[in-house]
Amino acid sequence: MQNKGIIKVFAILFALVCIYQLSFTFIAGNIEEDAEEFAQQEIPQSVDNYITARERAEQRYLDSIGNEEVFMGITYNTAKEKELNKGLDLKGGINVILQISVKDILRELANNSKDPAFNQALVRADEAQKTSQENYLDLFFDAFEEIPDARLASPDVFANRNLSDEINFEMTNEEVKPIIRRKIDESIVSAFEVLRKRIDKFGVTQPNIQRLGSSGRILVELPGAKEIERVQDLLQSTAQLEFWHVYKSNEFQNFFVQANNLLKQMEVEETAETTVDTAEAEQDEIDALLESASDTAQVAEQNNPLFDLMAAPGFQGGPVLATFNIADTSKVREYLNNPQVRNLLEGEQRYAKFVWGIVDEDAQVAPLYALKGNRQNEPPLSGSVITDATQAYDQVGRVAVTMQMNGKGAKVWEEMTGFASENQSQIAIVLDNVVYSAPGVSTGPISGGRSEITGDFSITEGQDLANVLRAGKLPASADIVQSEIVGPSLGQEAIDSGIMSFAIALVLVLLWMIFYYGKAGIFADIALVVNILYIFGVLAGLGAVLTLPGIAGIVLTIGISVDANVLIFERIREEYAKGKVQKDAIRDGFNNALSSILDANITTGLTALILLVLGTGPIKGFATTLLIGIATSLFTAIFITRLFIDRYAKNPNKSLDFSTSVTKNLFSGLTIKFLEKRKTFYIVSGVFILVSLGSLFTQGLNQGVDFVGGRSYTIRFDKSVNPTELQDELVTEFGSASAKTFGAANQIKVTTKYKVEEEGSEVDEEITQKLFSAVKAYLPEGTTYADFTVGGGGEREIGIMQSIKVGPSIADDIKQASIWAVLGSLLVIFLYILLRFRKYQFSLGAVIAVIHDVLIVLGVFSLTYKFMPFNMEIDQAFIAAILTVVGYSLNDTVVIFDRIREFFNEHPSWTKKDAINAAINSTVSRTVNTSLTTLVVLLAIFIFGGESIRGFMFALIVGVIVGTYSSIFIATPITYDTFNKETKRRKLKQKETVA
């Protein structure tokens, strides 16, 4: 091998860089362990809510030493920024996909147009989106085009004052569309930036936010976030800040009296109508009816629909009209928005807006305000004028938020405060239709544009409000269409199980290589350990996220990376068998194996690349580690292993046999006639495929929420729970739900489609409350709702450990992307093999074998999912498994094909049958070694790697077995048969030409 010195220097420098990158993770981990010990010593378990108290103590400790030097200028804060990122499933936290409402943006651009064609197109687009994969804007344009004579450039649609610089009345629909597309894209970019600014200020380390294509979807991942409800509110809040003049309570006293009397009269009339409807009775019932009517009149005199709901009237001259019980607010809103009730308002009061005030966490009542509205329903001043906002404290020490306005805002604010001071009135500060405060102004007009929001909220709420105001408002509503929430306990368990499976798999592979190849196996093991260092170092250096599937990808890489060394060692043994001296055998063995190694790893890499492009979340993590692993495996196998072998073998007195006494002649001299039995294997595979297809068409697959939409919850109890009994409780609560044991007998996975098409935090809260009600009887006595919900502080032993939500529209997109990923990988592989081997017969054999493998894996899952003791849902992780099976199967197939091509060239006088049989026989040792080591690795992960990836591993185990079988007994025979048909066709043409 040439340039050994350069390779040696590069390998050492690369290893040092990787150690340096991983040192940050080591330093941060040690300091966090110290913080945990400090918190445990300072806060005993006897303290109330000790878990939360310990977390705060840990954070105080870390904050206090954050900038102190730990090692060679490295502080905890710098180490934390550069440590190896852990994904959601390893650290806990929240992962959401937000859908920015394109419909809201269109309405904003159209100035909330009342144009019938515009609104009809929006309704049609809403309906179409439920079943279509197209983005909302395209659906809107299609629906608009279907309406006769509808024009986007109408002054009632987009040719309005706001867009007059870009859209005029003469423009056609086709001319307007690109302008609207650009405006929509600008709004989504704006939303992305607003969310990014909010997240940056939230305080979570290593947040991940990215835009997903042009669909208006934004991915947000916050590993380690524990205050889940706070995160969800922060992400979805539109931050519509407004400043309104507000009415005094005494100005609405007469209205309340009139409204109460009207509502009382309406109830009496409704009761009378009911009585008339039911009064068609017999003569002997007339007295009873008269008595009932009398009772109704008495009740009506005593009943006060509005006043009975009132907890307390507002103070004279104050901005609060009255306070009402929180449970009654929806009823009060219904009363006040009744058209007949609103008709009682006169003059400017006709435009009044009734809104609720902010409610303290422990309060049972909500204050009601009346804002001084106008014909345009627009506030005198909006939050767009805010240039800065910070959390502060007012004069009496309450939490407040100070704001600074721009010049235009400062001028309007001075006018508003001047009016309020002169009239001794108040100004309501309203955020997202909730009054945060309504201060009076006693010092005259406020100039300079500086103001303050005070309200009954905590420091955290004040910080969040300041963050939201400073970042700006979202240009449209943002709904969570997909979410995954993982509790910290489940994350720690995933790390523990991942490390255990990793260690066991590594030890087994290392021992096997020494057992089979002796001293050469030791050199391969050293290269393997260096390879692992490289993989983790590159992950840390790139800032990639390590997930549980990512750990599986690394462990799988260990199994597959052995293949490169196995190929090299087997070729060296062949060269020894030809009688070559040690030096020449090693050189030729490495050279001859290179082609097979490259082809095998490139085909696997192509499938991993497709996963990286089309996958999301954990699937990207799996693909990333697999790609990195393939690259580092090639380097370590081809260069690192050879450095050790060449150094050892250059001494003529030292021999390197690449075998042990047990394995020296194993699989040598095989003369199995594989092709003679091909029809038998065609029949066997045909039967398996028919059974698989039959099961797929009759039983189907157990599709997870990724593909059908819905919500799933992993719930842990303190004792074993019967899933059938629990499912009955859930069905009573939700109408439709399923419950299955997930891992241990005290852990249940609950899935429901209840209100799957409805978005918003209120719906999420409602479903979690219902879930708590359904399972409360199975939880320890005294368990509260806060104890039950996911994302609560600390390491919890019971409650929701993980929750996943997938909206129906995004589920369709995931399913479609998965299908394209599989089809795309098949196409790419077909083209690569065609390009590499220059004969379509090889491509055809490989693709048919892969389709064979995929169908059988799907069939096994369809046949067994009902009785297997672990989760076998078809989700994104399963698609990753299918694509990995595709890559592995091709890896095996390409190695055999490479040897067939070599035998074709070396032995042109042989028949194709003899050459193919000889090629398969010569690769049996490699096939057994690679498949066995890979299976050992997969079994280690399957047994010790945790419940969440057990189905994923099972698919890989089945795939490796089937893939190894198909490489020998399906791909190669089909290639041979197509060669034969081509030869017969050519001979027939020659005969016809001669004739």
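Calculation notes
- Residues numbered from 1 in each chain as written.
- Predicted model: local features only at pLDDT ≥ 70, side-chain atom pairs only at ≥ 80, totals over all residues.
- Heavy atoms only, no water.
- Helix = DSSP H or I, 4+ residues; strand = E, 2+ residues; numbered from the N terminus.
- Buried < 20%, exposed > 50% of the residue type's maximum accessible area, 1.4 Å probe, protein only.
- Contact = heavy atoms within 4.5 Å.
- Areas by Shrake-Rupley, 256 points an atom, 1.4 Å probe, with all protein chains shown as cover.
- Core = buried A, V, L, I, M, F, W, Y, C linked by side-chain atoms within 4.5 Å.
- Salt bridge = Lys/Arg side-chain N within 4 Å of Asp/Glu carboxyl O.
- Axes fitted to C-alpha atoms, helices over the stretch in contact; angles between N-to-C directions.
- Parallel < 35°, antiparallel > 145°, perpendicular 65-115°, else oblique.
- Left-handed = near helix turned anticlockwise from the far one by under 90°.
- Nonpolar A, V, L, I, M, F, W, Y, C, P; charged D, E, K, R; others polar.
- Pairing = 2+ DSSP bridges.
- pLDDT = per-residue confidence, 0-100.
- Expected span 1.5 Å × (residues − 1).

Honestly, the overall build of the chain in this entry has me stumped. Any pointers?
Broken down by element type, the chain carries 30 helices and 23 strands. Put simply, the chain has 995 residues, and 52% of those count as buried. In the chain, the share of contacts with a sequence separation of at least 24, taken over all contacts with a separation of at least 6, comes to 74%. Of the roughly 46300 Å² that the chain leaves accessible, carbon and sulfur atoms contribute 55%.

It is not clear to me how the nonpolar core should be interpreted in this structure. Could you clarify?
Note on soluble globular proteins: their nonpolar side chains tend to be buried together. Among the nonpolar cores identified, the biggest contains 123 residues, and Phe569, Ile833 and Phe878 are the most heavily contacted of them. In this structure, Phe569 is in contact with Met513, Tyr517, Ala520, Gly521, Ala524, Thr641, Ile645 and Phe658, ignoring residues within four places of it in sequence. Ranked by size, the runner-up nonpolar core spans 52 residues in total, among them Leu98, Leu106, Ala121 and Leu122.

Before we go on, may I ask you to explain the pattern of salt bridges in this structure?
Close approach of charged atoms allows side chains of opposite charge to pair. Considering all chains together, one arrives at 28 salt bridges under this definition. Between Asp588 and Lys580 there is a salt bridge, and its shortest N-O distance comes to 2.6 Å. Using a relative accessible area of 14% as the deciding quantity, one classes Asp588 as buried. Each of Glu575, Lys578, Lys580, Asp584, Arg587 and Asp588 takes part in a single network of salt bridges with overlapping partners.

Even after reading the chapter, I still don't get the packing of helix H5 (residues 102-109) against helix H7 (residues 136-145), so can you show me in this structure?
When two helices pack together, their arrangement is given by the angle between the helix axes and by the axis-to-axis distance. Closest axis-to-axis distance for the H5/H7 pair is 9 Å, and the angle between their directions is 55 degrees. With respect to H7, the axis of H5 lies oblique. As for how H5 packs across H7, the hand of that crossing is right-handed. Contacts between H5 and H7 involve Val102, Lys103 and Leu106 on the former and, on the latter, Tyr136, Leu137 and Phe140. Along the lines of polarity and charge, the residues of the contact of H5 with H7 split into five nonpolar, no polar and one charged.

I tried to follow the pairing of strand E13 (residues 386-393) on my own but got confused; where do I start?
Examined bridge by bridge, E13 and strand E14 (residues 399-405) share seven bridges and lie antiparallel to one another. The residue bridging Gln391 from the neighbouring strand is Val401, located in E14. Between the end of E13 and the start of E14, which pair antiparallel, lie five residues, with Gly397 showing a positive phi angle near 90 degrees.

How should I be thinking about the confidence of the model for the chain in this particular structure?
Close inspection of predicted coordinates is inappropriate for parts of the model with low pLDDT. Averaged over all residues, the pLDDT of the chain is 80; the fraction at 70 or higher stands at 88%. Per-element confidence in the chain ranges from a low mean pLDDT of 46 for helix H11 (residues 286-302) to a high of 93 for helix H21 (residues 678-698). In this model, residues 275-286 is a region of pLDDT below 50 whose contacts with residues beyond four sequence positions or in other chains number two contacts. Ignoring residues within four places in sequence, the model shows residues 288-300, a span with pLDDT below 50, making five contacts including any to other chains.

How should unusual backbone geometry be read in this particular structure?
Peptide bonds are mostly trans, and most non-glycine residues show a negative phi. Despite not being glycine, Asp149 has its phi angle at roughly 60 degrees, a positive value. Along the chain, Asp149 turns up in the loop between H7 and helix H8 (173-200). Residue class for Asp149 comes out exposed when judged on its relative accessible area of 77%. Not every positive phi belongs to a glycine, and Phe658 is a case in point at roughly 60 degrees. Mapped onto the elements of the fold, Phe658 is located in the loop between helix H20 (618-649) and H21. Note on Phe658: relative accessible area 1%, which makes it buried.

Can you help me understand helix H17 (residues 519-542) in this one?
An α-helix turns once per 3.6 residues; consequently, residues spaced three or four apart project the same way. An ideal rise of 1.5 Å per residue puts 34 Å on 24 residues; H17 measures up with 35 Å between its terminal C-alpha atoms. Positive backbone phi, at 70 degrees, marks Gly543, one or two positions downstream of H17.

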